[in-house]
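# Structure at a glance
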Amino acid sequence: MRFEQPDPFQQTIARTFTYTTTAFLVGSVFFLFTSNLIPVTLRPDWIGTAMLLLYGLAYGNMTYFLTRRYLRREFTFNFFSYLIGFIVLFPTVLLVRLQGDLFPAWQNEFFFLAVIFAGMFVGIWKGRIKGAQMFEELMAKRSANPQS
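Quick caveat: nothing in here was measured; it's all calculated off a predicted structure.

## Let's talk about the side chain of Thr67
Residue placement: Thr67 occurs in helix H2 (residues 46-71). By relative accessible area, which is 0% here, Thr67 ends up buried. When neighbours within four sequence positions are excluded, Thr67 is seen to be in contact with Ser81, Ile84, Ile124, Gly127 and Arg128.

Next up, the structure:
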């Protein structure tokens, strides 16, 4: 019996589907667990500002880790790393828009969404850099030890 390597394109499709569902699930779960804290971001003092920055940091971290993990393998769709962040944010944006009573004014909602989008873009940028570094380390390790 001979062992054959799976088709790289099929592996990439499977990984992409897995990361799509994971990103959607992570974004949904995070919003559902923290949606009660969104009104705290409306406070005019430093606590509201800190909470808003924590939201941006949390969405940045989620997209950073997912982008980094996706790009560290050999066969990937390079453009998909940009979509991971939007898939993470999709449930949040959708549920914020559907729940009209979270923000008293559209300016507050716009500012909240702008902060989490900024966090997402920073997370994608840093995740792409780290994923490329990890990929290069993997390729160097494989070239140094061709048996593995």
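Structure's up, so let's keep going.
## A word on the packing of helix H3 (residues 80-98) against helix H4 (residues 106-144)
Orientation of H3 relative to H4, taken along the N-to-C sense of each, is 160°, at an axis distance of 9 Å. One element, H3, and the other, H4, form an angle in the roughly antiparallel class. Relative to H4, H3 is oriented so that their crossing is right-handed. Residues Ser81, Tyr82, Gly85, Phe86, Leu89, Thr92, Val93, Val96 and Arg97 of H3 touch H4, and the partners they reach there are Glu109, Phe112, Leu113, Ile116, Phe117, Met120, Phe121, Ile124 and Arg128. Partitioning the contact of H3 with H4 into residue classes produces twelve nonpolar, three polar and three charged.

## With respect to the confidence of the model for the protein
Here the protein shows a mean pLDDT of 86. Residues at 70 or above account for 97%. Between the elements of the protein, mean pLDDT differs from a low of 87, seen in helix H1 (residues 8-34), to a high of 91, seen in H2.

## Some words on the pattern of salt bridges
Scanning the entire structure with this criterion turns up two salt bridges. Of the charged contacts, one joins Asp45 and Arg43 as a salt bridge, the two residues approaching to 2.8 Å between their closest N and O atoms. Put simply, Arg97 and Glu109 hold a salt bridge, and the shortest N to O gap is 2.7 Å. Here Arg97 is found in helix H3, whereas its partner Glu109 is found in helix H4, with twelve residues between them in sequence.

## Quick notes on the nonpolar core
Ile38, Tyr55, Tyr59, Phe112 and Ile116 are the most contacted members of the largest nonpolar core, which has 26 residues in total. Of all the secondary-structure elements, those providing two or more residues to this core are H1, H2, H3 and H4. Of the residues forming this core, the biggest block, eight residues, is contributed by H2. Once residues within four sequence positions are removed from consideration, Ile116 is found in contact with Tyr55, Gly56, Tyr59, Leu89 and Thr92.

## Things to note about the environment of Arg68
Among the secondary structure elements, Arg68 is positioned in helix H2. Apart from the residues within four sequence positions on either side, Arg68 is in contact with Gly127, Lys130, Gly131 and Met134.

Conventions adopted
- Residues numbered from 1 in each chain as written.
- Predicted model: local features only at pLDDT ≥ 70, side-chain atom pairs only at ≥ 80, totals over all residues.
- Heavy atoms only, no water.
- Helix = DSSP H or I, 4+ residues; strand = E, 2+ residues; numbered from the N terminus.
- Buried < 20%, exposed > 50% of the residue type's maximum accessible area, 1.4 Å probe, protein only.
- Contact = heavy atoms within 4.5 Å.
- Axes fitted to C-alpha atoms, helices over the stretch in contact; angles between N-to-C directions.
- Parallel < 35°, antiparallel > 145°, perpendicular 65-115°, else oblique.
- Left-handed = near helix turned anticlockwise from the far one by under 90°.
- Nonpolar A, V, L, I, M, F, W, Y, C, P; charged D, E, K, R; others polar.
- pLDDT = per-residue confidence, 0-100.
- Salt bridge = Lys/Arg side-chain N within 4 Å of Asp/Glu carboxyl O.
- Core = buried A, V, L, I, M, F, W, Y, C linked by side-chain atoms within 4.5 Å.

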